[in-house]
Amino acid sequence: MVFNTRLARAEDYDLCQSQVDEYQNNGHILLRNVIPESEVAELRTAVLRTHEALKSEEEDFQKAFRITQNLWEINDTVRAHVLSKRYAGCRDVRIYHDLTFFKEGLGKGKATPWHQDGHYWPLDTEGCITLWVPLIDCPVDMGPMSFVSGSHLNKDAEHLPISNESDEYIRNLVENENLTVAPAQHMNAGDATFHSCWTYHAAASNTTERTRIAFAIAYYDADAKVPLQPPTNERRAANLARWFPGAVPGGPAATEKNPAVLFPHD
């Protein structure tokens, strides 16, 4: 099933050095108007239609959010965004996967516990980043994300999947080590956060009347490799098999499911 795109993608998003430094220091950043207003409606429609097409594969994470994954494989509009250089920054990357994050309104979409995504990433690289973008305006009470600044520099919660246990563990770290929490901010449709797979993050419940419609793209360094050692948990093993079919230990993390977004080199 393929839905054709009609609009050209904007390919440039200029970053200043202070924004690069902010991300490097904090492990997260909020950027405005990453997806231009002229493109948001088409992408939202494509994501909603493709999510519905993948409904049989939908996963519900503890009633906090519903996801479908790799929409880019069956939808031209989504593919054009996922492979856009506009979102990848200025370095060569590959696609880990894309996914929806739908959080139901009226409190049905519960709080997302504090966690580190790195628990799930089966790669031998520190170069891992996720773009998260709401496709409708997302006020604070709809559940945009909060982050712990600087937490990308450690892997203290690596052993814990997203759960009440990970939430309690990270809350204790924040309190005991006096870590800095960057609270959630209002995001307009098309604004985006970027965070490292090691950055602690969470989201409150959605108490508005609307479902939070968000989309994410996970990237990693284009030259990343599959670890020589076997995966250290079941989710990493499952993700290695699902998202890197045929990849071998110590070899490149580059399969037909991991298209590259490459930039010209002098």
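Starting from 1, residues in each chain are numbered consecutively following that chain's sequence as written. Local features are withheld for residues below a pLDDT of 70 in this predicted model, meaning they are given only at 70 or higher, and side-chain atom pairs are given and counted only at 80 or more; totals for whole chains, interfaces and linings count all residues. No hydrogens and no water enter the side-chain calculation; it runs on all heavy atoms of the structure.

### Describing the packing of aromatic side chains
Point 1. Whether two aromatic rings pair depends on their centres lying within 6.5 Å, for rings of Phe, Tyr and Trp, where Trp uses its six-membered ring; planes under 30 degrees apart make the pair stacked, over 60 edge-to-face, and the rest tilted. Applying the stated rule across the entire model yields five aromatic pairs.
Point 2. Note on Phe61 and Phe65: the rings are 5.1 Å apart at their centroids and 20 degrees apart in plane angle, and the pair reads as stacked. Take Phe61 and Phe65: they sit in the same class, and that class is buried. Only protein chains enter the area calculation, which uses a 1.4 Å probe; residues under 20% of their type maximum are buried, those over 50% are exposed, and those in between are partly exposed.

### Some thoughts on the pattern of salt bridges
Point 1. A pairing counts as a salt bridge when a side-chain nitrogen of Lys or Arg comes within 4 Å of a carboxyl oxygen of Asp or Glu. This structure, assessed with the given rule, holds eleven salt bridges.
Point 2. With a closest N to O distance of 3.0 Å, Glu73 and Lys257 form a salt bridge. With a gap of 184 residues between them, Glu73 in the loop between strand E3 (65–67) and helix H3 (76–82) and Lys257 in the loop between helix H6 (234–243) and strand E12 (260–261) connect regions that are remote in the sequence.
Point 3. Through salt bridges that share partners, Lys55, Glu58, Arg66 and Glu104 make up one connected network. We count a stretch as a helix when DSSP gives it H or I for four or more residues in a row; a strand needs E for two or more, and each element gets its number in order from the N terminus.

### Examining H6
Think of an α-helix as turning once every 3.6 residues; residues three or four places apart then point the same way.
Point 1. Listing the buried residues of H6 in full gives Arg236, Asn239, Leu240 and Trp243. Projected down its long axis, H6 carries its buried residues within an arc of 105 degrees, all on one side. More than 90 degrees from the buried face of H6, the exposed residues found are Glu234 and Ala241.
Point 2. It only takes one pair of heavy atoms within 4.5 Å for two residues to be counted as in contact. On its buried side, H6 packs onto strand E4 (93–103).
Point 3. Where H6 begins, one side-chain oxygen reaches toward the backbone nitrogen of Arg235, 3.1 Å away; that side chain belongs to Asn233. Directions from the helix axis toward the C-beta atoms define the arc. Polar contact is the term for a pair of N or O atoms within 3.5 Å; when the atoms are in protein, one must be able to donate a hydrogen and the other to accept it, and sequence-neighboring residues count only if both atoms are side-chain atoms.

### Observations concerning the nonpolar core
Point 1. By convention a nonpolar core is built from buried Ala, Val, Leu, Ile, Met, Phe, Trp, Tyr and Cys residues, the set being connected through side-chain atoms within 4.5 Å. Counting residues in hydrophobic clusters, the biggest one holds 48 residues, and the most contacted among them are Val78 and Phe215.
Point 2. With six residues, strand E11 (residues 212–221) is the single largest residue contributor to this core.
Point 3. Leu123, Trp198, Trp243 and Phe244 belong to the second largest nonpolar core, which has 14 residues in total.

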